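# Observations on chain architecture
Residue-level listing of the chains:
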Amino acid sequence: MAAYIVRRVLLMITLLFILSITVFVLFNLLPGDPARLTCGKSCTPIVIEQNRHRLGYDLPIQEQYFKFVGGIFFGRVFSPESPKPIICEAPCLGYSFNRHEEVLSLIMRSAPVTFWLAIGAFIIWITVGVSLGIYAALRRGRWPDRLVMGISLIGYSLPSFFVGLLLMFFVVIQWQWLPYPSYVSPFEDPFAFLQTMILPWIVLAILYAAFYMRLTRNQVLEVFNDDFVRTARAKGLPERTVVVKHALRAGLTPIVTAAGLDLAGLLGGAIISENIFSLPGLGALAVDSITNSDLPLITGITLLTAALIIFANLIVDLLYAVIDPRVRLV
Amino acid sequence: MAKSQTWLFRALALSVTAMLIAACGGATVTPAPASGGPQATGGPKATDAPTGPKPGGTIYVLTQSEQWNQVDPQRNYTGEDLAFFGGTLMRALTAYKFSADAAEGTSLVPDMATDLGTATNGGKTWSFTLRDGVTWQDGSDVTCADIKYGVSRTFATSVINQGPTYAVVYLDIPTEADGSSAYKGPYAVGTPAAVVGQDLYDKAVTCDGKTISFNLSKPIADFNYTVTLGFGAVRESDDTGETYGTIAPFLVSNGPYKIDSYTTGNGGKMILVRNENWKASSDGYRKAYPDKWEVHFGIDPKVEDQRIMQSAGNDAFAVQYGQIQPENLAVIFDDPDHTKAEFGARAISGFDPYSRYYWIDNNKVPNVKIRQAMAVALDRAAIRKNIGGEFAGAYADGLVKPNIGGDYKATEFWTSFFGQPVPDSGDPVLAKKLITDSGVAAPTLVFNFADTPTNQKTAAIVIDSLGKAGITVTPAPLEPGKYYSIVFNPETSGDFGTAGWGADWPNASTVLPPLLTQAGGWDLSQLDDPAVNAAVDAALTELDRTKQMGLWQAINKKSAEEVNTIPTFFGLSQTIAGTKVGPLYRWAAYGSWPYGEMYVTE
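In short, a report on the structure. (Residues numbered from 1 in each chain as written. Chains lettered and ligands numbered in written order. Predicted model: local features only at pLDDT ≥ 70, side-chain atom pairs only at ≥ 80, totals over all residues.)

Another aspect to go through is the overall build of chain B. Looking only at helices and strands, chain B features 18 helices and 21 strands. Relative to a compact globule of 602 residues, whose C-alpha radius of gyration would be 25 Å, chain B shows 27 Å and is just as compact. Referenced to the eigenvectors of the C-alpha coordinate spread, the extents of chain B come out at roughly 95 × 70 × 50 Å. Of the contacts formed within chain B by residues at least 6 apart in sequence, a portion of 73% connects residues at least 24 apart. (Helix = DSSP H or I, 4+ residues; strand = E, 2+ residues; numbered from the N terminus. Rg over C-alpha atoms; globule rule 2.2 N^0.38 Å. Contact = placed C-beta atoms within 7 Å.)

Quick look at the structure:
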């Protein structure tokens, strides 16, 4: 197991390394001139070149990359001509001249918002999705099954921007049941936190729960037909034991896989929900960075998101062994 | 089986109940937040109208922007930002009068200075004397040295960028061989003074007690307008260079408010509170009615519209920074001149700062009759419909826009120049006649445009409408991000293309020289006509403002008749405010709300 984890971590570092190079190359292939974007209306070629130099975009791409990597380990100094140069301590993921803040600091400020958004939605959709999926499977072909599958179909068909705007217009603006979302930490004001997050959670959960209802129902039904479940029932085990200890455990593996990856994807930012509900999360930050061709920020967020997904893959693989004893990690 | 399923019901019921408690509980118990969200008591009827100025309260500014473009006197450059900061935090030597009338709203009044400045040396030296009692937020006086230092920052182009550079262009400081100023700004620490050029700057900008003088390289008749843009004061001891104004320690105010907090991104806010050291006696300009300003960033534009349309709770005290979304225009307006009764005067459609036009390379299309034929043939009605219809803009008759004030006078190009009106949908018959009169064959022209879906449709209209007059147009779309870098170079540009321009201050000196002379910097039409250059120079140096207006009007009319460019639309934008805030009008100086005199009514 230990050797497996070490190998996976090494692979993760390699993947991040390759990804960081890819992001740098892709950004340089994008249309537009980031130096021109930092320059106002009365921009002259001289000023554009000065800005290009200041931002380091005049350096060969490999040198830009090495400076970026060097910053992670040794820190960097930006705008040395300024009366107060910007000192970015290691680990320095860069400095956003658009937001006037270190990339790591921006990410660290946004990440908790996205974390709570993802975790809250995850708990709701897993609870509702898996519960209703199992419930439908246990009543296969009967009206509760059809009802759950109908709900699932509707939930799956509703785009999150539509549900989000609908809830915002009615619940917040029209009926004023909830105040306009304004993110606060759950440790600072738990009640205001709940008031702000409940609608984004619901929006995200509706979409994902619909998928998990179907996935869970299908998995459970498939496992119900397996020999070991029939054997368990034949042995006279209580139905609850058959479902929980045998059928569910075996059927959970693909659900855990999907859940792990979905959660990791969400931790990289839920762009639509964050924007509709004005949540300062990673998704909104990513959109802003792309709009402004903010290379350091794009690179930082991309690497973080990739790291999360790779890490989630590792956790999912490890969980396999816990859930299903037949799986051996080597 | 039935018993075994009970636990499932319990789990399901528990999770659903938890959600309901969270959702419903907040609505019934929680008081309204101190700032931001709607209050439980509900809002006023949408038809409630502001009743008059009233000190106190909070005005909310809602914007989809993630942050201010700049919070720095030397980098602040967009109209709405200039209007907001000018009204709250940053004083200038002169300012624009608050008025709903375009001519009055673009006229100057003294701000930090005692008057509108004195021009001597034939308009090459301008002096302003600071009035008494102008202070920073810590109570210390704003001095001549503070203004001189602030202006000097503009020269540090490697640190202070994105802002206006009129100080660099106008002050009497020599340039290097590469065109950059010999003065490198205040940050070149450790560099010999001769290289930095500090002595050159000290000669160009001098302080004599409370009087600051600017020595210019050529006469500038409207330099007292120039000083509204990028000539603000910054105290050297406060200056943090690159980050000044954007992060803590925040910008040091000399206006009636100061920054209490500033966070960017979705959910970010800038909160301004009263500056207790600001003296109303030193400021006859700002009204400073509200106790507090809250700017809320990162609001979804659809949500922003709905909140202000609904105008409930604190949103009744909100103004929109930005534009009403296209899908809501028909809900709020009957047409750009008339709002629906339920929104009354709180929705406004007015000119934005921009004029849209098609540049024509006058060297590649030298025949004036051909250029006139292009203008006459163009189906401007179809193009306007394509870009958003009557809400997008009014038909332009020249480069100078009506909201610039006295420099605008109708050119009558479309109405009477040809002895007959030119329909908005174009007149191919008249265009063909002009081509015949030109004595040359109908040309084949290359049309440049930024490659977007809307522009692609516009290009199709251009090709079709000019084609009806016998002019063959070849489309040459360009990557949007590289458009201007390509069309500025006559070797890589086509024959004509799309462009837009906004005046930097309400004087045609920031429109016609840039667009019609090589020295101006935005001469996409590659015009270098000695007669135009001379006329522009004469207008620039004319110290009598009334005479200067006449000169600009004449140049604008002549340019329209010569079709150096094809003016297309004077841009419009629509915006809305809550029911308990006023006064609500589009301030022509910046195409913005008149922030410096705004108030809440309850």
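When you go through chain A residue by residue, the secondary structure sums to 13 helices and four strands. Once the C-alpha set of chain A is aligned to its principal axes, its extents read approximately 85 × 55 × 40 Å. Here chain A holds 330 residues, and the buried ones make up 42% of them. Taking the contacts inside chain A whose residues are at least 6 apart along the sequence as the reference set, 64% of them involve residues at least 24 apart. (Buried ≥ 20, exposed ≤ 12 C-beta atoms within 10 Å, placed from the backbone.)

Let us now look at the sheet that holds strand β5 (residues 125–129) of chain B. Backbone hydrogen bonds are what pair the strands of a sheet, in a parallel or an antiparallel way. Residue and element names in this part refer to chain B. The four strands are arranged β4-β5-β7-β6 in an open sheet whose pairing can be described as antiparallel. Strands with a single pairing partner mark the edges of an open sheet, and in this sheet they are β4 (118–120) and β6 (205–208). Ignoring strand direction, the axes of neighbouring strands in this sheet form an average angle of 20 degrees. Inspection of the sheet shows β5 paired to strand β7 (residues 211–215) by five bridges, in the antiparallel sense. Looking at β7, one finds that Trp-126 is bridged to Phe-214. (Pairing = 2+ DSSP bridges. Axes fitted to C-alpha atoms, helices over the stretch in contact; angles between N-to-C directions.)

Residue and element names in this part refer to chain B. With respect to topology, five strands assemble into an open sheet ordered β8-β9-β10-β1-β11, the strand pairing being mixed. Edge strands, defined here as strands with exactly one partner in the open sheet, are β8 (257–262) and β11 (318–321). Across the sheet, the mean angle separating the axes of adjacent strands is 20 degrees when strand polarity is ignored.

Each regular strand shows side chains that alternate between the opposite faces of the sheet. Residues and elements named next belong to chain B. Where β6 and β7 come together, four bridges link them in antiparallel fashion. Note that in β7 the partner of Val-205 across the bridge is Phe-214. Here β6 folds back onto β7 in antiparallel fashion, the turn holding two residues, of which Gly-209 has a positive phi close to 65 degrees.

So, about unusual backbone geometry. With an omega dihedral of 0 degrees, the bond running from Ala-90 of chain A to Pro-91 of chain A counts as a cis peptide bond. In this chain, Gly-582 of chain B is followed by Pro-583 of chain B through a cis amide linkage whose omega measures -15 degrees. Mapped onto the elements, Pro-583 of chain B comes out in the loop between β20 (581–582) and β21 (599–600). Positive phi is not limited to glycine here, since His-100 of chain A has a value of about 55 degrees. Examined against the element boundaries, His-100 of chain A turns out to sit in the loop between β3 (95–96) and β4 (101–102).

All names here are of chain B. The alternating pattern of β5 places Trp-126 and Phe-128 on a buried face and Thr-125, Ser-127 and Thr-129 on a face that is not buried. As paired strands, β4 and β5 are joined by three bridges and run antiparallel to one another. Within β5, the position partnered with Thr-118 by the bridge is Ser-127. The turn linking β4 back onto β5 is made up of four residues, and Asn-121 within it adopts a positive phi angle of 55 degrees.

Let's shift gears to helix α2 (residues 79–88) of chain B. Counting buried positions along α2 of chain B yields eight of 10 residues, so the element is predominantly enclosed. Residues of α2 of chain B that are buried in the fold lie against β2 (94–96), β8, β9 (269–274), β10 (292–296) and β11 of chain B.

Next up on the list: the packing of helix α11 (residues 368–377) of chain B against helix α13 (residues 428–438) of chain B. All names here are of chain B. Interaxial distance between α11 and α13 falls to 8 Å at its minimum, and their mutual angle equals 175 degrees. Taken as axis vectors, α11 and α13 run roughly antiparallel relative to one another. Note on element contacts: α13 touches α11 through Pro-428, Leu-430, Ala-431, Leu-434, Ile-435, Asp-437 and Ser-438, opposite Lys-369, Ile-370, Gln-372, Ala-373, Val-376 and Ala-377. The residue makeup of the contact of α11 with α13, split by class, is nine nonpolar, two polar and two charged. (Parallel < 35°, antiparallel > 145°, perpendicular 65-115°, else oblique. Nonpolar A, V, L, I, M, F, W, Y, C, P; charged D, E, K, R; others polar.)

In this section: the nonpolar core. Ranked by size, the top nonpolar core spans 240 residues in total, and within it Ala-121, Ala-205 and Ala-209 of chain A together with Ala-373, Met-374 and Leu-512 of chain B carry the most contacts. No other element matches the 19 residues that helix α5 (residues 103–138) of chain A contributes to this core. (Core = buried A, V, L, I, M, F, W, Y, C linked by C-beta atoms within 7 Å.)

The next point concerns α13 of chain B. Residues and elements named next belong to chain B. Within the span of α13, buried status applies to Ala-431, Leu-434 and Ile-435. All buried residues of α13 fall inside an arc of 100 degrees around its axis, so they share one side. Buried residues belonging to α13 abut α11. Once α13 ends, the next one or two residues include Gly-439, with phi positive near 80 degrees. (Arc of directions from axis to C-beta.)

Another point: the packing of α5 of chain A against helix α12 (residues 282–291) of chain A. All names here are of chain A. Running from N to C, α5 and α12 cross one another at 135 degrees; their axes reach a closest spacing of 8 Å. In terms of orientation, α5 lies oblique with respect to α12. Contact residues: Leu-106, Ile-107, Ser-110, Ala-111 and Thr-114 in α5; Leu-282, Gly-283 and Leu-285 in α12. The residue inventory of the contact of α5 with α12, partitioned by class, reads five nonpolar, three polar and no charged.

Another point: the environment of Tyr-595 of chain B. Residues and elements named next belong to chain B. Mapped onto the elements, Tyr-595 comes out in the loop between β20 and β21. On the neighbour-count criterion, Tyr-595 (25 C-beta atoms within 10 Å) is buried. As a C-alpha pair, Tyr-595 and Ile-387 span 208 residues in sequence and 30 Å in three-dimensional space. The contacts of Tyr-595, once residues within four sequence positions are left out, are Ala-83, Phe-84, Gly-87 and Thr-88.

So, on to the environment of Pro-594 of chain B. All names here are of chain B. Positionally, Pro-594 belongs in the loop between β20 and β21. C-beta crowding within 10 Å serves as the criterion here: with 24 such atoms nearby, Pro-594 is assigned to the buried category. A sequence separation of 367 residues divides Pro-594 from Val-227, and the C-alpha atoms of the two residues are 19 Å apart. When residues no more than four places from it in sequence are discounted, the contact partners of Pro-594 are Phe-98, Pro-583, Tyr-585 and Trp-587.

Assignment of secondary structure puts Phe-122 of chain A in helix α5. As for Phe-122 of chain A and Phe-161 of chain A, which are separated by 39 residues in sequence, their C-alpha atoms are 18 Å apart.

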